[in-house]
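Given next are the chains, with one letter for each unit.
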Amino acid sequence: MNKRNKCPDRRRKALRRCALLAAILLFLSVTRLYTPLPGMAIAEAADVCDVENPEVVDWFYDGTLPITRFSLHALVDGERSMMLTAVSFNPLAGGWYYRAFSEAEAWDGSGLYAGVYQHGQDDKAVGYLFGRIDDPEIVTVELTETVQAVLAPESGLHPDDEVTLPVTLKDVPIFERSGTSYLLTEIELREQSYFTRGFQLTGYDKDGNAVATIEPHWRYWHT
């Protein structure tokens, strides 16, 4: 048999193998035994967070924590809520799956919606502010954190005292996608001598006047 006859046979075998692999992956994904795509893990996280019709606004990578070095983070918008989630991949244990998330409601008409996502592992931690801005007057935001002094004698506070402090945003928080303004930036975390009681987010107009103040939903994960 010459090479002309061998090549078509090899192509047919390769196509049959690809078709068989595709059929197996389809079966595993339909039966939820394997999740081959990150978008499917996003959909599962959206079900947990009650985010209807989820659409990924932005993907980014953060390998600060060892447990998320094989993960992708996604800012996801929906009809009445949104979320920031981390999805990980394990080729031997089900494929893609969601590892952590924080949700935010986006329906009450305030024009400013946000959440705070924090994830810690051992002595490392990351934190993000995320959300959406529907009020066109809001051009800047300020995030503050109400903390409880647990073991902070150098602060001059007594244990159990609460104080509101500014939070440093590491990047410009507002960006635009398809005509909609979103929030997404890493935040600077405080020392462990404080215990977080909650966050406040204020949106300002171009003249520095406060337009809206909300309390972002805050979720902390520890691995």
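Residues numbered from 1 in each chain as written. Predicted model: local features only at pLDDT ≥ 70, side-chain atom pairs only at ≥ 80, totals over all residues. Heavy atoms only, no water.

Enquirer: Would you mind showing me how to read the nonpolar core here?
Expert: Here is a general trend for soluble globular proteins: nonpolar side chains tend to be buried in one another's company. Membership of the largest hydrophobic core comes to 16 residues, with the highest contact counts inside it found for Leu-75, Leu-84, Tyr-117, Tyr-128, Phe-130 and Leu-184. Residue assignment for this core shows that the elements contributing at least two residues are strand 1 (55-60), strand 3 (81-90), strand 4 (95-105), strand 6 (124-133) and strand 10 (180-186). Setting aside residues up to four positions removed in sequence, Tyr-117 forms contacts with His-73, Leu-84, Ala-86, Ala-100, Phe-101, Ser-102, Val-126, Gly-127, Tyr-128, Phe-130 and Arg-219. Counting 15 residues, the second largest nonpolar core, distinct from the first, contains Leu-112, Val-116, Leu-183 and Leu-201. (Core = buried A, V, L, I, M, F, W, Y, C linked by side-chain atoms within 4.5 Å. Buried < 20%, exposed > 50% of the residue type's maximum accessible area, 1.4 Å probe, protein only. Helix = DSSP H or I, 4+ residues; strand = E, 2+ residues; numbered from the N terminus. Contact = heavy atoms within 4.5 Å.)

Enquirer: Which parts of the structure should I look at to understand the side chain of Thr-85?
Expert: Residue placement: Thr-85 occurs in strand 3. A relative accessible area of 0% places Thr-85 in the buried class. Engagement of the side chain of Thr-85 in a polar contact is seen with the backbone oxygen of Ala-100, the distance being 2.9 Å. When near neighbours in sequence (up to four residues on either side) are disregarded, Thr-85 contacts Ile-42, Ala-45, Leu-72, His-73, Ala-74, Val-76, Tyr-98, Ala-100 and Phe-101. (Polar contact = N/O pair within 3.5 Å; in protein donor to acceptor, adjacent residues only side chain to side chain.)

Enquirer: What exactly am I supposed to notice about the sheet that holds strand 2 (residues 71-77) here?
Expert: The strands that make up a sheet pair up through hydrogen bonds in the backbone, lying either parallel or antiparallel. Overall, antiparallel pairing links the 4 strands, which are arranged 1-2-3-4 in an open sheet. This sheet does not close on itself; its edge strands, each paired only once, are strand 1 and strand 4. Direction aside, the axes of adjacent strands within the sheet are offset by 25° on average. As paired strands, strand 2 and strand 3 are joined by 7 bridges and run antiparallel to one another. Following the sheet pairing, Ala-74 is matched in strand 3 by Thr-85. (Pairing = 2+ DSSP bridges. Axes fitted to C-alpha atoms, helices over the stretch in contact; angles between N-to-C directions.)

Enquirer: How should I be thinking about the packing of aromatic side chains in this particular structure?
Expert: Any aromatic ring pair is given by two values, namely how distant the centres are and how the planes are angled relative to each other. Counted under the stated rule, the structure contains 7 aromatic pairs. With a centroid separation of 5.2 Å and 45° between ring planes, the pair formed by Phe-89 and Trp-96 is classed as tilted. You can call Phe-89 partly exposed: its relative accessible area is 31%. An aromatic cluster is present here, built from Phe-60, Tyr-117 and Tyr-128 joined pairwise through their rings. (Phe/Tyr/Trp six-rings, centres within 6.5 Å; stacked < 30°, edge-to-face > 60°.)

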